[in-house]
Each structure stands twice: as structure tokens, then as C-alpha cells.
Amino acid sequence: MSIDINKLKQSIQDDYLKLYPNSISDFNSLLEMITKSYSFRDENQLISNSPEWIHSANTIGMMLYVDLFNSDIDGLVSKTEYFKNLGITLIHLMPLVQPRNGENDGGYAVRDYRKVNPKLGNVESLKKAIKNFHNNGIRICIDYVINHTADDHEWAIKAKSGDKKYQDYYFMYDDYTIPRQYEATMNQVFPKVAPGNFTYVKDIDKWVMTTFYDFQWDLNYRNPKVFEEILSILLFYANLGIDVIRLDAIPYIWKTIGTSCRNLPEVHVILKIFRTVLADFSPSTVLLGESIVAPEIIVRYFGSNNGLECDLLYNASYMVEIWNSLATRDTRHISHMPIINHELSTEWINYARCHDDIGWGLDESKLRELGFDPFMHKQFLIDFYLGNYPDSFSIGELYEYDPITKDARNSGTLASLAGLEKALAEKDLYKLELALKRINLINALVLLRKGIPMIYSGDEIGLLNNYDYKNDPKKKHDSRWLHRQNFDWSKLDNIEKCDSIERQILCNLKRLIALRTAHSLGSIIISEKIIQVENKHILIIQQFRDEGNELLLIFNFSEDRQFLNTSELRRQGINSRMVDLLQGKELNFEKEQIIIGPYEFLVLKNK
Ligand code: GLC
């Protein structure tokens, strides 16, 4: 095996020179680095097949913090059977390289990209773990934080010591003149806990760009050396046998004065080069982009026919739509969500919860069209998921509340946001039943759609919010720790008790996973279409799969029985008898009405 560096050179040169005109010597140095990195490849460590697996129905992900899940990498490996039993075939290990000492944003402030956090293991134990998971049919994803390093990363330390070379790795200024120009058009990511985008560093009497926390120093991609370093680390991860590399916070990586410094065209050029290099260097490695931005902007990160960028992207808009429809019991907004039947080489990651907050990024013009005031509606959602709204089933917390604009996001676990915590606190059996149904509905919405489902560890057994973070000075200002907690293995003892809540949630989830992977659903979904109906509580999705298979998914987002007028469906060509693959019941669309129970969903196939 070898890499055809001349061919690669041809395919990336134009793009590279767009970013770094007149930088031929840097380009040559980049090519040398790629050739050298290739010489470290160990074929035994890699899965040789192509990335086709991302479209398979068997691909089901779980994301977790290694320490919170089961102490360390060895502890993770010891739970291999747990994943297999559940049907998990992709594990996203949240930041596991060496983080900053002290506060580190859950590991997203990296001190050393090439070392594993010593509390979790080392590079050798990671390699062994990857091998073990590969042998068990499980692929591994890790985070790669490319927008910033920690302020105690070697580069930052050298910059602080006055080394000009490394000062150019960051955005550092002697006074506030240039920062002020940037600030004029930049928004704030953490307006409450880390206001502004620059931090004054007293030791060196300079201002440093820090879009996120003040200890996360933004890397300067205008410097070709930074580009080379970052690509070189990417290839290092590919050589470890990592299957999916999650590129953190990609919209932010290129900065230009006078712009929002988000989603700039150069970001796409950088991603295109990464993708092209990887295709030659390590064809089975997949890029997952984290770009939690407006729906129409997210999709641009898949790239185009002129060049692919990310193979996978988070379907953040769908996640927000799910929670919005649950609060309003109204599916009109989600029903109008554009469905992107993009090329088969890319795929969405569908999810309901993750380690971050929920930001209410709904399409505002659509909201207005439907008669909602976007500002008031956002206030409603924030209140609803706090549990403050009179009719709310939810218990959550505010994240990044801005008292002036009243803007905020929400934190909380899937189960608590979906009603389980409140039902248990009120000892209300009816509410408990509804909460369990709601959780099952959410899981179905994630598992049955086109894309890779990603389960957030703990949600499979309905872990509730954990308030301990408030006692930890390093965490208490960041409510995302409400849903970042130790996996409670003792809850699994309850699994044996047939009526336990954990068991009900887990069994329902397993049933959905089995359905997804079973023969009837195992086919690749080619495209999807939303069927519009009068009843605003119901969402209907038609799926077209390979080998001519078609399915109809029907979801009731309300706690009341709903009547579906079948003539609306007949008009759209759905007129046969169908059978529900989960419950086995038959439905006749020639009849006038179909009744859908509270939070019921149906997975229908022609009889
Ligand atoms: C990503 C992570 C988030 C982190 C941020 C800064 O958005 O998901 O947890 O705070 O990047 O690295």
C-alpha cells in the first residue's frame, strides 16, 4: 500500500492556494507531512472496508464520556457485551485526549492532542480498545477540537513565553483596536459564563481571541502552519484506527473582520481539503461535522458535487423540531421541515439529546406563517422545558440565560424533559404512563428516520436530571452538567424487575432497534417525504427504500386519541390495507377514519 502523493497534490493544490496564495513552500511541507504520516500506518489497526456502513440500518450509535460511563478505557472495554446486547455498533467517545488542567469545558479545552487523558488510559490502551471493538463489530468515533486549544497547550505556552512563531498560531493583539473591530460583528457563544470574544492575558499584556471560554484560545487558520499541524493530527487519529472523527465547532474556524466569523467560505475549503486527503489516506475514515447553525446553513457542510466535506452532520434542526412539537402538540412546523434527500454518500446523525443544551433555532419565517410570534414562542419553549409553563410535563434548567434579551437555551436529560421526573415526583401513575409513551415516541422518531441514530448514554434507561453539579465549583456555572452524570449501573439491577421503569424504557428501545435492523427495515432508505394532513397533532412520513420497499410512519404528538381522515391519504395515493410492524395490527385505509392512540406511532407496510 502506498499513497499517490502526486495525484493528491493535483486534487488539493487549487483549494490550498485559495487559502494560502503564494505559499508553495508551505504546500510542499504539507505534502511531505502527509507522506510521512502515511509511513506510520499500521494496516492491522484499520478496518479496510469502505464507509458504506454509514447507510446501514445496523449502524446505531451511542455517545458517552468514558469516565462517566465506567471510569476509564479499560472499564469501557469491559462493557463490550452491554453494547452488543443493546445493538450499538458505533460509540462516540467524548473528548478523551489530554485536557487542560482545571476547568476544561468537559474536555473541549485540549492540552495535548496526541496523548490520551491519563485518567482514562494511554494511546496504547486506546488502540487496544479500538481493536477490541472492531473485532466485535463496533466502530469508534472521537472528538477532534479544531477551533481552539487550551491555554496550557504547548503552543499557547510558547506563545505566552514570547515565541513569535507560536503567537501567530493564535489571534493575539497588543491592544484592543483589532479586537474591537472583530467584536463589532461577532456574536457571543457563551454570553453569560464567558462574555465577549477576546480575553486580556495579563502575563503577556495581550488580547487573545477566545470565542468560547477564556481558556480556549482560537487557532489562527490564516497561518498555513496551523493548517498543517491540524491536518497532521487528523491523520494521526486516522492511523489509530478511529472510524469517525467528529470535528468540533467547525463553523467558527475561519475569522474575518467585519463578518460574524461563522460559516465563512474558507471553512468549506478547509473541510474539502481534509475530506480529499482522507479519501486517499484512509478511505474508511469518516468525518462528522458539528455545525449547530440555522437549518439551511447546516446542510452546506455536506459539501457539493464539487467536493464533499462532512460525511455526517448532526440533524440539529430535527432535534429541535421534535421538542417543539412535543411542547405544542402541533406538528405543522416539523411537517414543513425541508427534507433533504441528499446523495447517498452522506448521512444525518439523528438524536434527541446529547451532552449540550437545546438551543431553540426554529425557522422564524415559517413560525410567522403559522401564526406564531418567534420571540414569544421561544419564551414559551424555554418556560415549558423549565417546567414553568402551567401545562408543562417537563423539568429542566436554563442554560446561558441573558436577562437583557431574555434569550436562553435549556438543559436536562431526555427522561426529565419528557416528563418522567415530574410524574415520579408527583407520584402520578397516569402522568408516568404518558411520560413513558413520550420517551418511546422520541426514541422512535430518532431510530426510524433516515440517518444514523445516536443515543446519549443514560437515556436508554431513562436517567433523570442530576443536580450534584451545583456543589462542584468547577461545574456549577454550567447547567449542561445536569445531564452529564455518572452512568448509574445499579439501575441495571432493576432491569430484572419486570415492571421497573428502566426495564420498560430499555425494552421499548430494544424493540425499536430490533425493528430497525430486522429484515423488513434493514434496507437502505433512499428518500423520505412528509405527507401533509389536516390533523395537526399527527406527523406522517413516507419512506422509500431500496428493493422497492415503502413504509409509512405515523406519529401522534399528543396525549389524546387522534382521528386521521383517510380520504386525505387516499388522495395522496395511500389506499391499501397496511400492517403495523411493531404491534402487528392491520389498518384499512379504505375505511373513513383511523384512530391513533395517545403518543402512539405506527410503522406501516403494505399487506
Ligand atoms: C462544541 C461542544 C461543546 C463545547 C464547544 C466548545 O459545541 O459540543 O460541548 O462547549 O464545542 O468546544
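It should be noted that the structure appears before, not after, this text.
Every value quoted in this text rests on a predicted model; they were computed, and no experiment measured them. (Residues numbered from 1 in each chain as written. Predicted model: local features only at pLDDT ≥ 70, side-chain atom pairs only at ≥ 80, totals over all residues. Heavy atoms only, no water.)

Some remarks on the overall build of the chain
Point 1. Counting secondary structure elements, the chain contains 22 helices and 27 strands.
Point 2. The C-alpha radius of gyration computed for the chain amounts to 24 Å, which stays within 12% of the reference 25 Å derived for 607 residues, consistent with globular compactness.
Point 3. Seen through its principal axes, the chain has C-alpha atoms that stretch 75 × 55 × 50 Å.
Point 4. Across the 607 residues that make up the chain, the buried fraction comes to 60%.
Point 5. Across the chain, contacts joining residues at least 24 apart in sequence account for 71% of those joining residues at least 6 apart.
Point 6. About 24300 Å² of surface is accessible on the chain, with carbon and sulfur atoms providing 48% of the total. (Helix = DSSP H or I, 4+ residues; strand = E, 2+ residues; numbered from the N terminus. Rg over C-alpha atoms; globule rule 2.2 N^0.38 Å. Buried < 20%, exposed > 50% of the residue type's maximum accessible area, 1.4 Å probe, protein only. Contact = heavy atoms within 4.5 Å. Areas by Shrake-Rupley, 256 points an atom, 1.4 Å probe, with all protein chains shown as cover.)

With respect to the packing of helix H13 (residues 316–328) against helix H19 (residues 429–447)
What describes two packed helices is the angle between their axes and the distance between those same axes.
Point 1. Two elements in contact, H13 and H19, have axes whose closest approach is 11 Å; the angle formed by their N-to-C orientations is 150 degrees. One finds that H13 runs roughly antiparallel with respect to H19. For the crossing formed where H13 meets H19, the hand is right-handed. Only Arg-438, Leu-441, Ile-442, Leu-445 and Val-446 of H19 make contact with H13, whose side of the interface consists of Tyr-318, Ile-322, Trp-323 and Leu-326.
Point 2. Residue composition of the contact of H13 with H19, by class: 8 nonpolar, no polar and 1 charged. (Axes fitted to C-alpha atoms, helices over the stretch in contact; angles between N-to-C directions. Parallel < 35°, antiparallel > 145°, perpendicular 65-115°, else oblique. Left-handed = near helix turned anticlockwise from the far one by under 90°. Nonpolar A, V, L, I, M, F, W, Y, C, P; charged D, E, K, R; others polar.)

Section: the side chain of Asn-410
Point 1. Here Asn-410 is to be found in strand S18 (residues 409–411).
Point 2. Side-chain polar atoms of Asn-410 contact the side chain of Trp-360, separated by 2.8 Å.
Point 3. Only 3.1 Å separates the side chain of Asn-410 from the backbone oxygen of Ile-382, close enough to count as a polar contact.
Point 4. Sequence-distant contacts of Asn-410, defined by excluding residues within four places in its chain, comprise Asp-357, Ile-358, Trp-360, Leu-381, Ile-382, Tyr-385, Leu-386, Glu-397 and Tyr-399. (Polar contact = N/O pair within 3.5 Å; in protein donor to acceptor, adjacent residues only side chain to side chain.)

Quick look at the environment of Gln-542
Point 1. Locating Gln-542 in the fold gives a position in strand S21 (residues 538–545).
Point 2. Given the relative accessible area of 8%, Gln-542 is considered buried.
Point 3. In this structure the C-alpha to C-alpha distance between Gln-542 and Ala-57, which are 485 residues apart in sequence, comes to 17 Å.
Point 4. In contact with Gln-542, other than residues within four places in its own chain, are Ser-527, Glu-528, Lys-529, Ile-531, Glu-550, Leu-551, Leu-552 and Ile-574.
Point 5. At a separation of 3.3 Å, a polar atom in the side chain of Gln-542 contacts the side chain of Glu-550.

Let's talk about helix H6 (residues 123–135)
Within an α-helix, residues lying three or four positions from one another point in the same direction, as the helix has 3.6 residues per turn.
Point 1. Taking 1.5 Å of rise per residue, the 13 residues of H6 would be expected to cover 18 Å, and the 18 Å separating its terminal C-alpha atoms lies within 8% of that figure.
Point 2. Taken residue by residue, H6 has Ser-125, Leu-126, Ala-129, Ile-130, Asn-132, Phe-133 and His-134 as its buried positions.
Point 3. Those residues of H6 that are buried are in contact with helix H4 (73–77), helix H5 (80–86), strand S2 (90–93), strand S4 (110–116), strand S5 (139–145) and helix H10 (224–240).
Point 4. If you check the start of H6, you find a side-chain oxygen 3.1 Å away from the backbone N of Glu-124, and it comes from Asn-122.
Point 5. Just past H6, the residue Gly-137 takes up positive phi, approximately 75 degrees. (Expected span 1.5 Å × (residues − 1).)

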